[in-house]
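So the chains spell out like this:
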Amino acid sequence: MPVDVQLLDAQLLDGRSRDGGATAVAHPNIALVKYWGKRDARLVLPYTDSLSMTLDVFPTTTSVRLSPGATADEVTLNGAPAQGEAGRRVTAFLDLVRERAGRAERAVVGTSNTVPTGAGLASSASGFAALAVASAAAYGLRLDATGLSRLARRGSGSASRSIFGGFAVWRAGANTDRDTETALDLASHAEPVAVGDLTPALVIALLDAGPKAVSSREAMRRTVETSPLYRAWAESSRDDLVEMREALRHGDLATVGEVAERNALGMHATMLAARPAVRYLSPTSLTVLDTVLRLRRDGVPAYATIDAGPNVKVLCRRSDADQVSEAVRAAASCPVVVAHCGPGACLHTGNR
Ligand code: DP6
């Protein structure tokens, strides 16, 4: 059948496929300076800036197709209907997109995650970044990368950073008394970070792929409200960001790693001091932290970071990734995945 080039071009420009739907792909990101704590839960505005590396593994693919006449959104996650909170978050996000687009149609949403969901491996970052890109296209919202980052932020804060590839910083955006909701929303988005000669690897120790006992959303709220250490961490995180940006600019892996490790361990300290305490670290997480220390003593620059789960990610030189993987695998008897810098979120044009 001859391809209608004009039609195809029009669809590409519009970002939608023949059936009015759109499919997007996004990758998770791992923060080197963490986001932990919201000053506005509804707008998802953080207390501090954060900085991350988007990965080239574990992509999420999400399709959004409008379903005129339907009375509810239909959301499937890895082929099964999305349950409870996961489904509610997707519908709340689509409500926001519909409001902005001035449209009312419900949607059929299909998501396939290649990363274990809810295990502290940033599935909500790739998930909401892909949903932002696909739903904006399906509902005809024309947004640039900054606008998509703001939109993704409303689904999950860390998703704002997965719109961009490589390294990205998410601006908290300042509050003043006269700020309107629109001004606050406009000020908080991610943007790419200039990086010198640095192409690190991130060795991911998959210690536990099960869903976490306490969601990061709840853990974050509890930490801000009850941890006496939170304010100190947030303040030191501001210095960490300045030092991190400088180190990235100079391609200084040792400083990038040291700052990332102390920022992550500080974040876990704030949680341990929350009431009741939130503890994501497992005995095996500590074993991997010991392994990282040993690698450094042996002259291998390797640095750990941990998110809202027990899995440890080890930043190192590309050329050391095999040695680091072997050491982690031997110490923790766990599967290991090696990631590098990956691409930003994009519309999938392959199956139009
Ligand atoms: C520990 O972005 O999942 O991974 O905004 O409530 O959806 P919500 O939180 P989320 O939190 C991520 C926290 C973190 C650190 C980080 O990615 O910066």
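Reading the values: rules and limits
Residues numbered from 1 in each chain as written. Predicted model: local features only at pLDDT ≥ 70, side-chain atom pairs only at ≥ 80, totals over all residues. Heavy atoms only, no water. Helix = DSSP H or I, 4+ residues; strand = E, 2+ residues; numbered from the N terminus. Pairing = 2+ DSSP bridges. Axes fitted to C-alpha atoms, helices over the stretch in contact; angles between N-to-C directions. Left-handed = near helix turned anticlockwise from the far one by under 90°. Contact = heavy atoms within 4.5 Å. Nonpolar A, V, L, I, M, F, W, Y, C, P; charged D, E, K, R; others polar. Buried < 20%, exposed > 50% of the residue type's maximum accessible area, 1.4 Å probe, protein only. Near = heavy atom within 4 Å. Polar contact = N/O pair within 3.5 Å; in protein donor to acceptor, adjacent residues only side chain to side chain. Areas by Shrake-Rupley, 256 points an atom, 1.4 Å probe, with all protein chains shown as cover. Domains from an automatic or database assignment.

Enquirer: Even after reading the chapter, I still don't get the environment of Gly-173, so can you show me in this structure?
Expert: When you line up the elements, Gly-173 lands in the loop between strand E10 (167-170) and helix H6 (181-187). Between the C-alpha atoms of Gly-173 and Asp-197, which are 24 residues apart in sequence, the distance is 29 Å.

Enquirer: Looking at this model, I keep getting lost on the sheet that holds strand E11 (residues 190-192). Mind explaining?
Expert: The strands making up a sheet associate through backbone hydrogen bonding, with each pair oriented either parallel or antiparallel. The antiparallel open sheet is built from four strands, whose spatial order is E2-E5-E10-E11. Here the strands that pair on one side only, and so sit at the sheet edges, are strand E2 (29-33) and E11. The sheet shows a mean angle of 30° between the axes of neighbouring strands, direction not considered. Here E10 runs beside E11; their pairing, made up of three bridges, is antiparallel. Paired with Ala-168 across the bridge in E11 is Pro-192.

Enquirer: Honestly, the packing of helix H2 (residues 84-101) against helix H3 (residues 123-138) in this entry has me stumped. Any pointers?
Expert: Packed helix pairs are characterised by how far apart their axes lie and by the angle those axes make with each other. Put simply, H2 and H3 touch, their axes get as near as 11 Å, and they point 35° apart. Helix-helix and strand crossings are classified by hand; for H2 and H3 the assignment is right-handed. For the pair formed by H2 and H3, the contact residues are Arg-89, Val-90, Phe-93, Leu-94 and Val-97 on the first element and Phe-128, Leu-131, Ala-132 and Ser-135 on the second. For the contact of H2 with H3, the per-class residue count stands at seven nonpolar, one polar and one charged.

Enquirer: Whenever I open this one, the pairing of strand E12 (residues 201-205) confuses me. Can you help?
Expert: The side chains of a regular strand alternate, first on one face of the sheet and then on the other. Among the five residues of E12, five are classified as buried, and the element is accordingly described as predominantly covered. In E12, alternate side chains face the same way, and those of Ala-201, Val-203 and Ala-205 on one face and Leu-202 and Ile-204 on the other are all buried. Where E12 lies against strand E15 (residues 336-339), four bridges are found, and the strand directions are antiparallel. Each residue of the ladder has a partner; that of Ala-205, found in E15, is Val-336.

Enquirer: Explanation requested: the site of the ligand in the structure shown.
Expert: Around the ligand there are 18 residues in total, and Tyr-35, Lys-38, Ser-156, Gly-157 and Ser-158 lie nearest to it. The contact in question runs from an oxygen atom of the ligand to an N or O atom on the side chain of Arg-89, over 3.0 Å. The contact in question runs from an oxygen atom of the ligand to an N or O atom on the side chain of Ser-156, over 2.6 Å. Burial of the ligand by the protein amounts to 94% of the accessible area it has alone, namely 450 Å². Here the element with the most residues in the shell around the ligand is helix H7 (residues 216-226); it accounts for three residues. For the shell around the ligand, the residue count by class is seven nonpolar, five polar and six charged. A domain split of the shell around the ligand shows at least three residues from each of domain 1 (5-195) and domain 2 (200-339).

Enquirer: What's the story with the pairing of E2 in this structure? I'm lost.
Expert: Most of E2 is tucked away: five of the five residues are buried. The sheet contact formed by E2 and strand E5 (residues 50-54) spans four bridges and is antiparallel. The residue of E5 that forms the bridge with Asn-29 is Thr-54.

Enquirer: Mind showing me how you'd approach the side chain of Lys-313 here?
Expert: Relative to the helices and strands, Lys-313 resides in strand E14 (residues 312-316). Within the local environment of Lys-313, its side chain forms a polar contact with the side chain of Asp-307, the two groups lying 2.9 Å apart.

Enquirer: In this structure, what is going on with unusual backbone geometry? I would like to understand it.
Expert: Residue Arg-275 is joined to Pro-276 through a cis peptide bond whose omega torsion reads -5°. By secondary structure assignment, the location of Pro-276 is in the loop between helix H9 (253-272) and helix H10 (283-297). Even without being a glycine, Asn-78 presents a positive backbone phi close to 50°. Positionally, Asn-78 belongs in the loop between strand E7 (74-77) and strand E8 (80-81). Of note, Ser-333 is a non-glycine position whose phi angle comes to about 45°, a positive value. Mapping Ser-333 onto the fold places it in the loop between helix H11 (321-332) and E15. Residue classification places Ser-333 among the exposed positions, given a relative accessible area of 69%.

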